[in-house]
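Understanding the architecture of this molecule
So the chains spell out like this:
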Amino acid sequence: MKKTNKYSLKLTQLQTTNDDKKQDKSLEIEFENHDEVFHIIELIKEKNLFENENQSIEFAIGLKLFTEVMLKNRKNELFSELSPEIQKFMKKLKSS
């Protein structure tokens, strides 16, 4: 069995554009990733790709969650056209 890193992520809605639609909900998930996500976050922050450090964190977390699902479902037809482009994108990101 391949070793992975395990994480927990909690999402809580703090505000909405329409207060009538605000819900006191939160979502917590546990997930695994082959990469050490905190290290990836630091690497992305160091690259200064965005004006806002929070956006670097959002980007890193979103990218790692998305690409890990893609890897785990690489035979899924949904990703057939996107997979080669993501590979190009990841090479570009790593070289920047």
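Above this text you will find the structure in question.
Residues numbered from 1 in each chain as written. Predicted model: local features only at pLDDT ≥ 70, side-chain atom pairs only at ≥ 80, totals over all residues. Heavy atoms only, no water.

Let's shift gears to the nonpolar core. Membership of the largest hydrophobic core comes to 13 residues, with the highest contact counts inside it found for Ile-44 and Ala-60. Contributions of two or more residues to this core are made by α1 (37–47), α2 (53–72) and α3 (82–95). The greatest single-element share of this core, amounting to four residues, is contributed by α1. Dropping the residues within four chain positions of it, Ile-44 is found in contact with Leu-49, Ser-56, Phe-59, Ala-60 and Leu-93. (Core = buried A, V, L, I, M, F, W, Y, C linked by side-chain atoms within 4.5 Å. Buried < 20%, exposed > 50% of the residue type's maximum accessible area, 1.4 Å probe, protein only. Helix = DSSP H or I, 4+ residues; strand = E, 2+ residues; numbered from the N terminus. Contact = heavy atoms within 4.5 Å.)

In this section: unusual backbone geometry. Notably, Asn-48 is not glycine yet its phi reads approximately 50 degrees, a positive angle. The topology assignment puts Asn-48 in the loop between α1 and α2.

Our focus in this paragraph is a nonpolar patch on the surface. Nonpolar side chains collect at one region of the surface, where Leu-11, Leu-27 and Ile-29 lie side by side and expose about 280 Å² of accessible area between them. Of note, Ile-29 is situated in strand β2 (residues 26–33). (Patch = residues over 30% accessible without salt bridge, like charges linked within 9 Å, V, L, I, M, F, W, Y side chains within 5 Å. Areas by Shrake-Rupley, 256 points an atom, 1.4 Å probe, with all protein chains shown as cover. Salt bridge = Lys/Arg side-chain N within 4 Å of Asp/Glu carboxyl O.)

Interhelical geometry of α2 versus α3 gives an angle of 140 degrees and a closest axis separation of 12 Å. Here α3 runs oblique to α2, going by the angle between their axes. In the packing of α2 onto α3, the handedness of the crossing is left-handed. Judged by residue contacts, Phe-59, Leu-63, Phe-66, Thr-67 and Met-70 of α2 engage Leu-82, Ser-83, Ile-86, Phe-89, Met-90 and Leu-93 from α3. When the residues that make up the contact of α2 with α3 are grouped by side-chain class, the tally is nine nonpolar, two polar and no charged. (Axes fitted to C-alpha atoms, helices over the stretch in contact; angles between N-to-C directions. Parallel < 35°, antiparallel > 145°, perpendicular 65-115°, else oblique. Left-handed = near helix turned anticlockwise from the far one by under 90°. Nonpolar A, V, L, I, M, F, W, Y, C, P; charged D, E, K, R; others polar.)

Turning our attention to the layout of surface pockets. As a volume, the largest pocket reaches approximately 450 Å³. What lines the largest pocket is a set of 20 residues, and nearest its centre among them are Asp-35, Lys-64, Thr-67, Met-90 and Lys-94. Partitioning the lining of the largest pocket into residue classes produces 11 nonpolar, four polar and five charged. (1 Å grid on protein atoms, 1.4 Å probe; cavity = no way out; pocket = protein on both sides within 12 Å on 5 of 7 lines; lining within 4 Å. Points joined across faces, edges and corners; volume = space filled by probe spheres on them.)

Moving on, we get to the side chain of Thr-16. Structurally, Thr-16 is set in the loop between β1 (5–12) and β2. Using a relative accessible area of 15% as the deciding quantity, one classes Thr-16 as buried. In this structure the side chain of Thr-16 is engaged in a polar contact, spanning 2.5 Å, whose partner is the backbone oxygen of Asn-18. (Polar contact = N/O pair within 3.5 Å; in protein donor to acceptor, adjacent residues only side chain to side chain.)

Attention now moves to the packing of α1 against α2. The geometry of α1 relative to α2 is characterised by a closest axis approach of 9 Å and an angle of 135 degrees between their N-to-C directions. It follows that α1 is oblique to α2 by the angle criterion. Of the two elements, α1 crosses α2, and the hand of that crossing is right-handed. Of the residues in α2, those touching α1 at Val-37, Ile-40, Ile-41, Ile-44 and Lys-45 are Glu-53, Ser-56, Ile-57, Phe-59, Ala-60, Ile-61 and Lys-64. Classifying every residue of the contact of α1 with α2 by side-chain character gives eight nonpolar, one polar and three charged.

Don't take any of this as a statement about function, it's just geometry.
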